[in-house]
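Survey of secondary and tertiary structure
Given next are the chains, with one letter for each unit.
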Amino acid sequence: MTDGTGEARAFERRMKLVFAADFITLGLFNPFFPVWLAHQGLDADAISLVLGLQIALRALSVPLVLKLADASRERAFVLMGSAFGAALVVNLLFVSSGLAAILVSTVLLALVWAPLIPITDAVALAGQRRLGADYGRARLWGSIAFIAANVSGGLLIGTFGAGSIPALLLAAFVIAAAFSCFTPRLGRPRRASALADAGPGEPAGLPKLPKLRRRLVPGADIGRLVPAMAALALVQASHAMLYGFGAILWTGLGYAPLTIGIFWGTGVVVEIVLFRFGSGLIARFGPRGLLVAGAAAGVLRWSLMTGDAGVGGFVALQALHGFTFGASWLALQATIAAHVPEERLGAAQGLGFLFQTGLMAGATLLSGPAYEAFGQGAFAGMALIAALALLVAPFYPQRADIGGATRESR
């Protein structure tokens, strides 16, 4: 007889490595890539164009690649293809100079790299479904790696200068490619057989949905997914000013690269705690509670980012990232885990990605002109975006289970 608990722990150990390697790339790119763009002579409008366009065009590759992953013999191989492809394409940054060349290389990198983390999420949720593995316990290692990349990246950039950022990104993508080989092999995505008497690929008790809605994520409860995805997308879009101009703002205020790395890492510490205890939080507060907490924290965080809060103040504001990102992200993953059959997990991640990239791209494109016009005051617009997520609150799903995952027959 198979030891399910042993299998789950072995799965989690391998996913910890994959998540950690994935998030090293993000932990360097998010805070420091805009600094490199400024180092290359791009102004705020050009920076927002590069960042916004690469976010928008991710929507072309991610749903297609995730659909391929759902139909594939093995999702792990698709994940590896994304990781190795990004490790090759990132080399274009070394030969990119001027807006046009930087725009092309950044967009190409985004198209290849963007599916990496959504596929990793899909594999992790599939392991949760089949083995009872804990998504949050594996995912928190991505957050730990993100912090390590923030702090070590700030230290290295402070030593070697902003011109070293492409080399650091290359090292990060090579690590991600190497560790993608540890992705657990689960075989072809399976139908939700443990959901007993439901039809092929349909969760039990699923209401009959109109054809158009069913085509988005066949077999999924779209009525529960869409409000959660819309709310998360709004909360995520409210980070656009921070991602695009946070490091540039702090540099202008006189903070050293290492201090900026610490600012970035601080929020992820709280995020790690949330992921570690995510199962209990979902069980106690439900997706609605966590999504409301994330949106409310966003309103507070961005409202107070409009002035120089000092080192202690910015550390405190960055700690709210655990809620603005971590809580809302856990809520969405819990909703997907509870209401989407395994063979459609990739499609669900892709649909969520479309919501997020669409709103994030728009907010990023607007953030450059807003920063030029209002400086730090432009963060007030991010507070408004987070407030909009609260308007969707009555439609959030209230209950879901991410920790006590439905285990499917092998």
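Preceding this paragraph is the structure being described.
Notes on the structure follow. Predicted model, so just to flag it, every value in this text is computed and none were measured. Numbering of residues starts from 1 in each chain and follows the order in which that chain's sequence is written. Selection of residues for local features in this predicted model requires a pLDDT of at least 70, selection of side-chain atom pairs for listing and counting requires 80 or more, and totals for whole chains, interfaces and linings are taken over all residues. Side-chain numbers come from the whole structure's heavy atoms, not from hydrogens or water.

Runs of H or I in DSSP of at least four residues are treated as helices and runs of E of at least two as strands, each being numbered from the N terminus. Within the protein chain one finds 16 helices and zero strands. Sorting the 410 residues of the protein chain into buried and exposed places 57% on the buried side. Just so you have it, the protein chain exposes about 15,200 Å², and 68% of that area is on carbon and sulfur atoms. To sort residues, take the accessible area from a 1.4 Å probe on protein chains only and compare it with the maximum for the residue type: under 20% means buried, over 50% means exposed, and anything in between is partly exposed. Computed with the Shrake-Rupley method and a 1.4 Å probe, the accessible areas treat only the protein chains shown as cover for residues.

To find leftover empty space, one rolls a probe the size of a water molecule over the atoms. Considered as a void within the structure, the second largest pocket measures approximately 150 Å³ in volume. Along its surface, the second largest pocket is lined by Ile24, Leu28, Ala145, Ala148, Ala149, Ser152, Gly153, Leu156, Leu168, Ala171, Ala172 and Ile175. Counting residues per element, the ones that place at least two in the lining of the second largest pocket are helix H1 (4–39), helix H6 (135–160) and helix H7 (165–180). It is H6 that contributes the most residues to the lining of the second largest pocket, six residues altogether. Under the scheme applied here, ten amino acids are nonpolar (Ala, Val, Leu, Ile, Met, Phe, Trp, Tyr, Cys and Pro), four are charged (Asp, Glu, Lys and Arg), and all others, including Gly, are polar. Looking at the lining of the second largest pocket residue by residue, the class counts come to 10 nonpolar, two polar and no charged. Points on a 1 Å grid over protein atoms alone make up a cavity when a 1.4 Å probe fits among them but cannot get out, and a pocket when they form an open set with protein on both sides within 12 Å along at least five of seven lines; lining residues each have an atom within 4 Å of a point. Grid points are joined across faces, edges and corners, and a volume is the space filled by probe spheres set on the points.

Along the chain, Thr266 falls in helix H11 (residues 257–276). Classification of Thr266 by relative accessible area gives buried; the value is 17%. If we ignore the near neighbours within four places in the chain, the residues touching Thr266 are Val315, Gln318 and Ala319. Any two residues whose heavy atoms approach within 4.5 Å at even a single point are treated as in contact.

Our focus in this paragraph is a nonpolar patch on the surface. A cluster of nonpolar residues, Leu92, Phe94, Val95, Val104 and Leu108, forms a patch on the protein surface that exposes about 450 Å² of accessible area. Of note, Leu92 is situated in the loop between helix H3 (75–89) and helix H4 (99–113). Like-charged residues within 9 Å of one another, or nonpolar side chains (Val, Leu, Ile, Met, Phe, Trp, Tyr) within 5 Å, are grouped into patches, provided each residue has over 30% relative accessible area and no salt bridge. Put simply, a salt bridge is a Lys or Arg side-chain nitrogen that is within 4 Å of an Asp or Glu carboxyl oxygen.

A few words now on the pattern of salt bridges. Overall, the coordinates contain three salt bridges when judged by the stated rule. The network of salt bridges with common partners includes Arg9, Glu12 and Arg137.

Now for the nonpolar core. By nonpolar core we mean a set of buried residues, namely Ala, Val, Leu, Ile, Met, Phe, Trp, Tyr and Cys, connected to one another through side-chain atoms within 4.5 Å. By size, the foremost hydrophobic cluster in this structure holds 123 residues, and its most contacted members are Phe33, Leu37, Leu169, Trp250 and Met305. Element by element, the count of residues in this core is highest for H1, at 15 residues. In contact with Met305, not counting residues within four places along its chain, are Leu242, Leu249, Trp250, Phe314, Leu317, Gln376 and Phe379.

This part covers the environment of Arg129. When you line up the elements, Arg129 lands in helix H5 (residues 116–131). As a C-alpha pair, Arg129 and Pro341 span 212 residues in sequence and 9.0 Å in three-dimensional space.

To continue, consider empty space enclosed by the protein. Using the criterion set out here, one finds two cavities of 30 Å³ or more in the structure. Reported here for the largest cavity is a volume of approximately 750 Å³. Leu26, Asn30, Arg58, Tyr243 and Gln356 are, among the 37 residues lining the largest cavity, the residues nearest its centre. Only H1, helix H2 (44–71), H5, H6, helix H10 (240–252), H11, helix H14 (321–339) and helix H15 (345–374) provide two or more residues apiece to the lining of the largest cavity. Top contributing element to the lining of the largest cavity by residue count: H15, with eight residues. Partitioned by chemical class, the residues of the lining of the largest cavity number 22 nonpolar, 11 polar and four charged.

Our next topic: the side chain of Arg130. Tracing the chain through its elements places Arg130 in helix H5. Polar contact is defined as a pair of N or O atoms within 3.5 Å, subject to the rule that within protein one atom must be able to donate a hydrogen and the other to accept it, and that residues adjacent in sequence are counted only when both atoms are side-chain atoms. Within the structure, Arg130 has its side chain in polar contact with the backbone oxygen of Leu186 (distance 2.6 Å).

Moving on: the packing of H11 against H14. Two numbers describe a pair of packed helices, the interaxial angle and the distance between the axes. Structural elements are reduced to axes, namely lines fitted to C-alpha atoms, with helices fitted over the stretch in contact, and the angle between N-to-C directions of any two is expressed from 0 to 180 degrees. Contact pair H11 / H14: the axes reach a minimum separation of 7 Å and the direction vectors enclose 30°. One element, H11, and the other, H14, form an angle in the roughly parallel class. Every pair of crossing elements has a handedness; the one defined by H11 and H14 is right-handed. Contact with H11, carried on its side by Gly267, Val268, Val270, Glu271, Leu274 and Phe275, involves His321, Gly322, Phe323, Phe325, Gly326, Ala327, Trp329 and Leu330 of H14 and no other residues of that element. For the contact of H11 with H14, a count of residues per class yields nine nonpolar, four polar and one charged. Any angle that is under 35 degrees is reported as roughly parallel, and any over 145 degrees as roughly antiparallel; angles of 65 to 115 degrees are reported as roughly perpendicular and all others as oblique. In this scheme the handedness of a crossing depends on how the near helix is turned from the far one: anticlockwise by less than a right angle means left-handed, clockwise means right-handed.

Now for helix H13 (residues 310–319). Those residues of H13 that sit buried are Phe314, Leu317 and Gln318. For H13, the angular spread of buried residues about the axis comes to 100°, placing them on one side. Within this analysis, the arc is defined by the directions that extend from the helix axis to the C-beta atoms.

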